[in-house]
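Understanding the architecture of this molecule
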Amino acid sequence: MLIAASLMATGQPMTYTNQREELHLAGSVVIADLQAHGEKWFDENYAEFEEGSPEASWISNLQETQVEIYLGTWCGDSREWVPQFVHLWDALGLDRDQLTFTCLYDGTEKYKQGPNGEEQGKDIHRVPTFIFTENGAEYARIVEYPASDLMTDVAQIALRYPSQPNYKAATYMQQLLSEMTTEEVYKNANDYLRKAYKLTGKSSELNTLGYVYLRSGRVSEALIAFHFNTFMFRHEPNVYDSYAEALVIAGDTTNAITNYEKVLELDADNENAIAQLEKLKVRDMINE
């Protein structure tokens, strides 16, 4: 449950209290807001970063670049990498005005969404995400953490030879679902599944993407991400549990029951699957 407390009229950032009763930032913020938040994690991680020797000809290539930074003040990776990125940006002699910061919600209601839909159309599935743009067009991004190290990644971006972002399978699925309808994807599902399988690392990759879709109301896309995951990680109960949850939301009780039963085949004591099956079977009896 999100409890929002917007103080923007007074020049203060928007905050909210999450399900763990922690206070976090939401929406557009500035560096001073991050510095003031919580346990001073921004200043501590900024101070710990060692930028090396950033004197290089490629720095001038970033003079016209804007970087959109999407983060969560609840996220350990955001707390680690956002301050380090700002430290490097400062060390390169670049202007902080080239950076914008947007804090996204955690939890189940608006998972990785901004209070005003700031993330929409940006394909954000992990935080932090650093989107490099020039003249309004994206030309590179860093997803969650550097592919090499932060200096190397930024140098490659400046030279217009960026590393491929982390989470290649999720990126592939996002591109696929942006170019095709879900019906078109299912027509050649085996081909797309094989491609995604070659790119994926852990089940959490498409599972996270599925929940980003699900919590933002894109249920059909979520179903594909979760369904693919059940083929790629057949022996992990959690992938069936997530797929079943999305099926319930989609109104497909029959297949939801089948997948919760699969969870129990793999994990007989799974409390969530047991509870959800009881609810669904009672619902079916009432509807008969």
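See above for the structure.
1. Focus: the side chain of E144
By the secondary structure assignment, E144 is in the loop between β7 (137–143) and α4 (150–158). Taking relative accessible area as the criterion, E144 reaches 8% and is therefore assigned buried. A distance of 2.3 Å separates polar atoms of two side chains, one belonging to E144 and the other to Y167. Those residues in contact with E144, other than ones at most four positions away along the chain, are D77, W81, R126, V127, P128 and Y167.

2. What to know about the environment of D33
Along the chain, D33 turns up in helix α1 (residues 31–36). Considered as a pair, D33 and M14 are 19 residues apart in the sequence and their alpha carbons are 10.0 Å apart. Those residues in contact with D33 that sit more than four places away from it in its chain are P13 and L25.

3. Here's the deal with helix α11 (residues 253–266)
With 14 residues, α11 extends 20 Å from end C-alpha to end C-alpha; this agrees with the ideal 20 Å at 1.5 Å per step. The set of residues buried in α11 consists of T253, A256, I257, N259, Y260 and V263. The buried residues of α11 occupy an angular sector of 170 degrees when the element is viewed end-on, so they sit on one face. Exposed residues on α11 whose side chains face more than 90 degrees from its buried face are T254 and E265.

4. A short note on the pattern of salt bridges
Two side chains carrying opposite charge are able to pair once their charged atoms lie near each other. Inspection of the entire model under this criterion finds 13 salt bridges. A salt bridge links D191 to R194; its shortest N-O distance comes to 2.6 Å. Of this pair, D191 and R194 both sit in helix α7 (residues 189–199), 3 residues apart, roughly one helical turn. In the salt-bridge network here, residues are joined through shared partners; they are R20, E22 and D106.

5. Looking at the side chain of S78
The residue S78 is located in helix α3 (residues 76–91) in this model. Looking at S78, its side chain comes within polar contact range of the main-chain nitrogen of G72, at 3.1 Å. Excluding residues that lie within four positions of it along the chain, S78 makes contacts with W41, L71, G72, P83, V127 and P128.

6. Describing the packing of helix α9 (residues 219–232) against helix α10 (residues 237–250)
With their axes 9 Å apart at the nearest point, α9 and α10 run at an angle of 155 degrees to one another. On the basis of the axis angle, α9 is roughly antiparallel to α10. As for how α9 packs across α10, the hand of that crossing is left-handed. Taking contact as the criterion, the partners of V219, L223, F226, H227, N229 and T230 in α9 are, on α10, V239, Y240, S242, Y243, A246, L247, I249 and A250. Looking at the contact of α9 with α10 residue by residue, the class counts come to 10 nonpolar, 4 polar and no charged.

7. Some points on the environment of Q19
Here Q19 lies in the loop between β2 (14–17) and β3 (23–29). Judged by relative accessible area, Q19 falls into the exposed class, the value being 52%. Measuring from C-alpha to C-alpha, the distance between Q19 and V239 comes to 23 Å, with 220 residues separating the pair along the chain.

8. Examining the pairing of strand β5 (residues 99–103)
In terms of residue burial, β5 counts as a mostly covered element, since 4 of its 5 residues are buried. Pairing geometry for β3 and β5, over 3 bridges, is antiparallel. For G27, the partnering residue across the bridge sits in β5 and is C103. Both strand β4 (residues 66–71) and β5 contribute to a ladder of 5 bridges, which runs parallel. What sits directly across from Y70, in β5, is T102. Taken together, β4, α3 and β5 form a β-α-β motif whose crossover is right-handed.

Cut-off values and rules
Residues numbered from 1 in each chain as written. Predicted model: local features only at pLDDT ≥ 70, side-chain atom pairs only at ≥ 80, totals over all residues. Heavy atoms only, no water. Helix = DSSP H or I, 4+ residues; strand = E, 2+ residues; numbered from the N terminus. Buried < 20%, exposed > 50% of the residue type's maximum accessible area, 1.4 Å probe, protein only. Polar contact = N/O pair within 3.5 Å; in protein donor to acceptor, adjacent residues only side chain to side chain. Contact = heavy atoms within 4.5 Å. Expected span 1.5 Å × (residues − 1). Arc of directions from axis to C-beta. Salt bridge = Lys/Arg side-chain N within 4 Å of Asp/Glu carboxyl O. Axes fitted to C-alpha atoms, helices over the stretch in contact; angles between N-to-C directions. Parallel < 35°, antiparallel > 145°, perpendicular 65-115°, else oblique. Left-handed = near helix turned anticlockwise from the far one by under 90°. Nonpolar A, V, L, I, M, F, W, Y, C, P; charged D, E, K, R; others polar. Pairing = 2+ DSSP bridges. Right-handed = clockwise from strand over helix to strand, strands pointing away.

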